[in-house]
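Commentary on secondary and tertiary structure
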Amino acid sequence: MIDIFAKNIQQLEVLFTQVGIERFRAKQVFHWLYERKVFDFHQMNNIGKQTQTKLAENFTILMNDIGIIQTLKSKDRNTYKSLLNFADNNTCETVLMCHDYGNSVCVSSQIGCAMGCSFCASGLNGFIRNLSSAEMLAQVMHFATKLQDEQKRISHVVIMGSGEPLLNLKEVLQFIKLLHDPNAFNISYRNITLSTSGIVPAIKTLQAESLPINLAISLHATTDEKRSSIMPINKTYPLTELLSATKEYANVSGRQVTYEYILINGFNDTLEDAARLIELLSAHTAVVNLIPFNDVKEHSHIQTPIKRAQSFKDYLQKHGTPATIRKEMGADINAACGQLRNKHIDTE
Ligand code: SAH
Ligand code: SF4
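Being a predicted model, the structure only gives us computed values, none of them experimental.

**Quick notes on helix α3 (residues 49-58)**
Of the positions making up α3, those classed as buried are Thr51, Gln52 and Leu55. Buried positions in α3, seen along its axis, are confined to an arc of 105 degrees and lie on one side of it. Pointing more than 90 degrees away from the buried face of α3 are the exposed residues Lys49, Gln50 and Glu57. If you follow the buried residues of α3, they end up packed against α1 (9-18), α2 (25-35) and β2 (59-60).

In structure tokens, the structure reads:
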């Protein structure tokens, strides 16, 4: 059986004709899946009974195999976090954030993570496997179905959940293209953000795709020594190499790159750090997104006090580097990536 979730219309046409189903059925099925959010061939009622049966005999739809282990809602009711279960019993986290400007889903791209960053909960149990494009799309569909009941839609997607998306680029690209497909989720590329720890060759591959999505780089430190101590990937792709790749990405794509910078108390939050950050990004079209560190019980880092975070931001802005402090959403429901899944593994 072949799973047809997250296949585009052209791929569906090929699959259908291979089993003797008319080509034009591809468009109909696609409409049922993404517009109507119906995942049972027998309910697709503009398709004849015989074809429905043929579809069901030959194909599956991943949405039917997704279990929801738990959904947590933040006290302010703006953040929802779900732990999804796949057919192989692996679990993955996905988060919905409802902002004034729209509804955004934070998608995981892998189960676990191999990168071993010292502040992050995602890699604590190592890397398990890549998620397929269908499994990524299922995370968005999970919340889209929920919002549909309230006549709302998903307008933004950030690939910032567990995992390193640039180490799963082929599946991530298929996923992004389906998000954008006007007959699927119809999300503007400008509302899609991919965050990476800085896999330089894959940044170049992404650049060659010429998709006008937002690129976010997890920077978090301003010297190679400091960055390597919290992000082992920096030993392979040090700052000069990374920043030269992102500069080229910004120039070629015409898009401003976002630099994420977790403020960790006493580690990277002094005004000297801020000055170095300005220097590093001086020749870039960049915006810095300062992130309050989210406590991970297994790690020893602590959050920079808000006052110091504010001075750090003011310093950047005063010197011409645009900066924002990320609003903490869903802190009461372990919204930092990887934390809910780890809790689940701990209690198993
Ligand atoms: N692997 C990719 C995308 C997933 S991580 C990357 O590293 O960019 C998404 C973002 O969450 C990154 O900026 C990451 O550094 C941040 N993050 C991880 N652990 C965190 C924590 N404990 N508190 C705050 N942000 C965290
Ligand atoms: Fe992986 Fe990103 Fe977490 Fe680093 S910050 S361990 S790259 S998910």
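**With respect to unusual backbone geometry**
Located in the positive-phi region is glutamine 151, a residue other than glycine, with phi close to 55 degrees. By the secondary structure assignment, glutamine 151 is in the loop between α4 (133-148) and β9 (156-159).

**So, the nonpolar core**
As a rule of thumb, soluble globular proteins bury nonpolar side chains together. By size, the foremost hydrophobic cluster in this structure holds 104 residues, and its most contacted members are Ile4, Phe5, Phe16, Ile154, Phe175, Ile176 and Phe185. Of the residues forming this core, the biggest block, nine residues, is contributed by α4. Residues within four places of isoleucine 154 in sequence aside, it is in contact with Leu96, Asn103, Val105, Val140, Phe143, Ala144, Leu147 and Ile187.

**Some points on the site of ligand 1**
Within the structure, ligand 1 sits among 18 residues, and Gly163, Ser195, Ser218, His220 and Asn294 are positioned closest to it. Interatomic distance of 3.0 Å between a backbone N/O atom of phenylalanine 119 and a nitrogen atom of ligand 1. A distance of 3.0 Å separates an oxygen atom of ligand 1 from a polar atom in the side chain of glutamate 260. In the complex, the protein chains occlude 93% of the 530 Å² of accessible area that ligand 1 would expose alone. Taken together, the residues of the shell around ligand 1 sort by class into eight nonpolar, eight polar and two charged.

**Here we look at the site of ligand 2**
Taken together, the residues surrounding ligand 2 are Cys113, Met115, Cys117, Phe119, Cys120, Ser122, Gly163 and Ser197. Per-class residue counts for the shell around ligand 2 are five nonpolar, three polar and no charged.

**Examining the sheet that holds strand β4 (residues 79-85)**
Sheet architecture is open: ten strands sit in the order β3-β4-β5-β6-β9-β10-β11-β12-β13-β14, paired in mixed fashion. Sheet topology places β3 (67-73) and β14 (323-325) at the edges, where each strand pairs with a single neighbour. Averaged over all pairs of adjacent strands, the angle between strand axes in this sheet comes to 20 degrees, irrespective of strand direction. Bridge analysis of strand β5 (residues 91-99) against strand β6 (residues 102-106) gives five bridges, and the strand direction is antiparallel. The residue bridging valine 95 from the neighbouring strand is cysteine 106, located in β6. With respect to the sheet, helix α5 (residues 169-180) is in contact with β9 and β10 (192-196), its orientation differing from that of β9 by roughly 170 degrees.

**What about the packing of helix α6 (residues 200-209) against helix α9 (residues 239-253)?**
Closest axis-to-axis distance for the α6/α9 pair is 10 Å, and the angle between their directions is 5 degrees. Compared by their axis directions, α6 and α9 come out roughly parallel. Side by side, α6 and α9 meet where Val200, Ile203, Lys204, Leu206 and Gln207 of the first sit next to Glu241, Leu242, Ala245, Thr246, Glu248, Tyr249 and Val252 of the second. Looking at the contact of α6 with α9 residue by residue, the class counts come to seven nonpolar, two polar and three charged.

What counts, and where the lines are drawn
- Residues numbered from 1 in each chain as written.
- Chains lettered and ligands numbered in written order.
- Predicted model: local features only at pLDDT ≥ 70, side-chain atom pairs only at ≥ 80, totals over all residues.
- Heavy atoms only, no water.
- Buried < 20%, exposed > 50% of the residue type's maximum accessible area, 1.4 Å probe, protein only.
- Helix = DSSP H or I, 4+ residues; strand = E, 2+ residues; numbered from the N terminus.
- Arc of directions from axis to C-beta.
- Contact = heavy atoms within 4.5 Å.
- Core = buried A, V, L, I, M, F, W, Y, C linked by side-chain atoms within 4.5 Å.
- Near = heavy atom within 4 Å.
- Polar contact = N/O pair within 3.5 Å; in protein donor to acceptor, adjacent residues only side chain to side chain.
- Areas by Shrake-Rupley, 256 points an atom, 1.4 Å probe, with all protein chains shown as cover.
- Nonpolar A, V, L, I, M, F, W, Y, C, P; charged D, E, K, R; others polar.
- Pairing = 2+ DSSP bridges.
- Axes fitted to C-alpha atoms, helices over the stretch in contact; angles between N-to-C directions.
- Parallel < 35°, antiparallel > 145°, perpendicular 65-115°, else oblique.

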